[in-house]
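Examination of the molecular architecture
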Amino acid sequence: MNADLLIHNASQILTLTGGPQSGQKLGELRIIENGAVAIVGEKIIALGPSPKLGKQYQAAQEIDATGRVVMPGFVDPHTHLVWAGDRAAEFEMRLAGASYMEIMNAGGGILSTVRQTRAASVDDLVAQARGRLNRMLSHGTTTAEVKTGYGLETETELRMLEAILRLDDEHAVELIPTFLGAHAIPAEYSGQTEDYIDLICNEMLTRLVNWWEENAAERPLPFVDVFCETGAFDLDQSRRILERAKELGFPLKIHADEFDGLGGTLLAVELGSTSADHLVHTPQGDIEALGSSQTVAVSLPCTPFGLAENVYTPAKAILEAGGILALATDLNPGTAWCESMQFPIALACRYMHLTPAQAIAAATINAAAAIARADRIGSLEPGKQADVLIVEAPDYRHLGYRFGVNLVMTVIKRGKIVFSRGGEEII
Ligand code: NIG
Ligand code: FE
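Right, let's walk through the structure included here. (Residues numbered from 1 in each chain as written. Chains lettered and ligands numbered in written order. Predicted model: local features only at pLDDT ≥ 70, side-chain atom pairs only at ≥ 80, totals over all residues. Heavy atoms only, no water.)

For the rest of this paragraph, the subject is the coordination of the iron ion (ligand 2). At this site the iron ion (ligand 2) is bound by H78 (NE2), H80 (NE2), H255 (NE2) and D330 (OD), with donor distances of 2.0 to 2.6 Å. Each donor residue of the iron ion (ligand 2) lies on the same chain, and together they follow the pattern H-x1-H-x174-H-x74-D. With H78 in the loop between β6 (74-76) and α2 (88-95) and H255 in strand β10 (residues 255-256), this residue pair connects regions lying 177 residues apart in the sequence. Both residues of the pair, H78 and H255, count as buried. (Donors = N, O, S within 2.8 Å, 3.2 Å for Na, K, Ca; no water. Helix = DSSP H or I, 4+ residues; strand = E, 2+ residues; numbered from the N terminus. Buried < 20%, exposed > 50% of the residue type's maximum accessible area, 1.4 Å probe, protein only.)

Dropping the structure here:
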């Protein structure tokens, strides 16, 4: 039989077959030792022992992965990839003792990025995000969710969406958009949060429905997300926005329990949200509800690390409750400017006490579930999209164990080599 690409002799192929992994099932990598993957077009057609596939398939191109791990591309299910400017000065203020929320309440933080993003054209936004996206790809991310939320006014929010869709069209990394108009209260609505929520519910979300039909009708609707937090949107306000979004047919996400456990996780479960993200100060009752739901718990360990805090997502409690745990970078200019999924994996092993196998499953198949794409990506199975990494290590545990360097050598997206260290350019 013919194949376009055959990757063979891999010391381990991490297939992660069997769907999203809940609770104690997390970490089933389903490894093929001395394995091979055959690809035709954009899809995987076969996996198995290398000697067997080598005999079965005549491939136009072959990659010898001797001494290396082959695995699914990382899925990063929570990023704020598109923004303008940076907040290096705030980083120094935080090092000198100011808290993230103090800076935000003084008009900095998210609102500082909002000012810079409002002043940027779509071209500027695309150009600034492109470098970050290149780094994500070279570190093994093949699909990423991307949020708006630095516009906080209809036009800039739509400009951010346009930038996300343009980047998705031009770049090998596949992008899944999320509307986050409820990321903060814009300065012009200070003290009038309810009026801003009216604007989101009555204008922004309905404009978004029309805009989507005109500009992206062939794509599924974006997610709608809310920052449910003291100083941002409280539980009732978050409910209003998410219920309205649900009514309009949008799938949901929520930022919950980053600093305070306000009940956002319970709300996510009640509304059938695809994911609830952050989950640092989540009450035990909420964890139990989450555990018996399909809502994916997205942990963002780069965020407490980035803020030099020492409380992380209670992964053990979430897994004991039966929850589906995923990992993401939370890439953003304030708390976590990190383009590599390898770093949250390393953090999760140390501070959330995950094994490397659990962290890898959380960064692939479960991360795909967190963006409702587990049927197409996140594992290596015949019929699935050929999003594949070749890792410069003979054993998967090197991911997590080693940190601060890039272990990804080759990235294949939809069957094409799109990054190879020392070889091809990033496409
Ligand atoms: O997920 N928590 C809210 N949003 C981001 C931070 C965004 C920013 O600081 O610019 C987060 O951590
Ligand atoms: Fe976030």
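With that settled, the discussion passes to the pattern of salt bridges. A side chain of one charge can pair with a side chain of the opposite charge if their charged atoms are brought near each other. Under the definition given, this model contains 27 salt bridges. Here R207 and E155 are joined by a salt bridge, their closest N and O atoms 3.1 Å apart. Of the two residues, R207 is situated in helix α7 (residues 193-215) and E155 in helix α6 (residues 154-170); the sequence distance between them amounts to 52 residues. Exposure remark for R207: the relative accessible area of 34% places this residue in the partly exposed category. (Salt bridge = Lys/Arg side-chain N within 4 Å of Asp/Glu carboxyl O.)

Taken together, 17 residues are adjacent to ligand 1, and R87, Y100, Y150, E258 and D330 come closest. Between ligand 1 and the protein, one listed contact pairs an oxygen atom with a side-chain N or O atom of R87 at 2.7 Å. For ligand 1, whose free accessible area comes to 330 Å², the fraction covered by protein is 100%. Among the residues forming the shell around ligand 1, the class breakdown is five nonpolar, nine polar and three charged. (Near = heavy atom within 4 Å. Polar contact = N/O pair within 3.5 Å; in protein donor to acceptor, adjacent residues only side chain to side chain. Areas by Shrake-Rupley, 256 points an atom, 1.4 Å probe, with all protein chains shown as cover. Nonpolar A, V, L, I, M, F, W, Y, C, P; charged D, E, K, R; others polar.)

Phi at N9 is positive, roughly 65°, even though this residue is not glycine. In this fold, N9 is placed in strand β1 (residues 2-14). On the basis of relative accessible area, N9 is assigned to the partly exposed category, the value being 28%. Even without being glycine, A308 reaches a positive phi, approximately 55°. For A308, the location among the structural elements is in the loop between α11 (302-306) and α12 (315-320). Classification of A308 as exposed rests on a relative accessible area of 68%.

Taken as a whole and assessed by the stated rule, the structure comprises zero disulfides. With no disulfide partner, C228 has as its closest neighbouring cysteine sulfur the one in C201, 14 Å distant. Not part of a disulfide, C349 finds its nearest cysteine sulfur in C302, a span of 12 Å. A residue is classified by how much of its surface remains accessible, and C349, at 15% relative accessible area, is buried. (Disulfide = S-S within 2.5 Å.)

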